[in-house]
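What follows is the residue order along each chain.
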Amino acid sequence: GQSLEQPSEVTAVEGAIVQINCTYQTSGFYGLSWYQQHDGGAPTFLSYNALDGLEETGRFSSFLSRSDSYGYLLLQELQMKDSASYFCAVRDRGAAGNKLTFGGGTRVLVKP
Amino acid sequence: NAGVTQTPKFRVLKTGQSMTLLCAQDMNHEYMYWYRQDPGMGLRLIHYSVGEGTTAKGEVPDGYNVSRLKKQNFLLGLESAAPSQTSVYFCASSYSPGTSGRVEQYFGPGTRLTVT
């Protein structure tokens, strides 16, 4: 099976940088995804890493180290609208149907 | 395009009642999924489908049934509702992954179900 660990909550001020770590255990790793979910809303896709290194998409970047079974999501120039929960998710190579296993989520609270 | 839609948005059931949640997608995706999300927790996969006429069990399938009679629709049924099934239910769909294995799932707005 798969398991993922991420911090439950992070608080930061506007303009700051936040890093959300995710460690995972899988029997056969394919890639690590990140999703954002605002309170009362649906999860939306942010990024995907299959290879080691950093992927940048605007203010958000995602990093993966396959050898360490570790990844992180970096939120830069924090804005109030970034207050949300962030989930890492893994796809196992043995998983049929593109199944993802999600972490418990990290709640990010941005203060003025 | 509407993307992924779910009906109803809210529902209150009494213990033992049954109901069906409907999910529809207009993106011609092959794969569809049903998740539940309990307060402060991540998403847990209930059932999924890799194509019309196919279904498979996920992580927490007990007490639920599904059907995928049409490619665009995925139905989730609760046979005899229990208070433990109080949750927010999300439907999602995705295309086939490329060689990178990238999977981007598109989620519906959710159904908030309370079982009393």
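Everything quoted here is computed from the prediction, not taken from an experiment.

Undergrad: In this structure, what is going on with the overall build of chain A? I would like to understand it.
TA: Summing up its helical and strand segments, chain A has zero helices and eleven strands in all. Order of helices (α) and strands (β) in chain A, N terminus to C terminus: β-β-β-β-β-β-β-β-β-β-β. On C-alpha atoms alone, chain A measures out to a radius of gyration of 14 Å, which is about the 13 Å that the 2.2 N^0.38 rule sets for 112 residues. The principal-axis extent of the C-alpha atoms belonging to chain A is close to 45 × 30 × 20 Å. Looking at chain A residue by residue over its 112 residues, the buried ones come to 51%. If you take every contact in chain A between residues at least 6 apart in sequence, the share linking residues at least 24 apart comes to 57%.

Undergrad: Can you help me understand the pairing of strand β5 (residues 43-49) of chain B in this one?
TA: In summary, the side chains of a regular strand alternate between the two faces of the sheet. Residues and elements named next belong to chain B. Among the seven residues that make up β5, six are buried, leaving the element largely enclosed by the rest of the structure. As judged from the six bridges shared by strand β4 (residues 31-37) and β5, these two strands associate in the antiparallel manner. Following the sheet pairing, Tyr33 is matched in β5 by Tyr48. Where β5 and strand β6 (residues 56-57) come together, two bridges link them in antiparallel fashion. Opposite Tyr48, over in β6, you have Ala56 as the bridge partner.

Undergrad: Even after reading the chapter, I still don't get the interface of chain B and chain A, so can you show me in this structure?
TA: By a widely used convention, the size of an interface equals the accessible area lost when the partners come together. Each side of the interface is counted separately: chain B has 27 residues, and chain A has 21 residues. Regarding the contact of chain B and chain A, the summed buried area is about 1800 Å², with carbon and sulfur atoms giving 57% of it. Where chain B packs against chain A, one counts zero salt bridges. At the junction of chain B and chain A, the tally comes to three residue pairs in polar contact (both at pLDDT 80 or more). Of all the secondary-structure elements, those providing two or more residues to the side of chain B that touches chain A are β4, β5 and β9 (87-94) of chain B. Sorting elements by how many residues they give to the side of chain B that touches chain A places β4 of chain B first, with four residues. When the residues that make up the side of chain B that touches chain A are grouped by side-chain class, the tally is 14 nonpolar, ten polar and three charged.

Rules used throughout
Within every chain, residues take consecutive numbers counted from 1 along the sequence as written. The naming scheme follows written order: chains are lettered A onward, ligands numbered 1 onward. With the structure being a predicted model, the display of local features is reserved for residues of pLDDT at least 70 and the display and counting of side-chain atom pairs for 80 or more, all residues being used for whole-chain, interface and lining totals. Working from all heavy atoms in the structure, the side-chain values ignore hydrogens and water. By definition, any uninterrupted DSSP run of H or I lasting at least four residues is a helix, any uninterrupted run of E lasting at least two residues is a strand, and each is numbered from the N terminus. Atoms considered for the radius of gyration are the C-alpha atoms alone. The globule rule reads 2.2 Å times the number of residues to the power 0.38. Only protein chains enter the calculation, and the probe is 1.4 Å; a residue is then buried if its accessible area is under 20% of its type maximum, exposed if over 50%, and partly exposed in between. Only heavy atoms enter the contact rule, under which two residues are in contact if any of them lie within 4.5 Å. At least two DSSP bridges between two strands are needed for those strands to be called paired. Values labelled buried area give the accessible surface lost by two parts on being combined, using a 1.4 Å probe and summing over both. Each reported salt bridge corresponds to a side-chain nitrogen of Lys or Arg within 4 Å of a carboxyl oxygen of Asp or Glu. Pairs of N or O atoms within 3.5 Å make up the polar contacts considered here, provided that, within protein, one atom can donate a hydrogen while the other can accept it, and that residues adjacent in sequence are counted only when both atoms are side-chain atoms. The classification used treats Ala, Val, Leu, Ile, Met, Phe, Trp, Tyr, Cys and Pro as nonpolar, Asp, Glu, Lys and Arg as charged, and all other residues, Gly among them, as polar.

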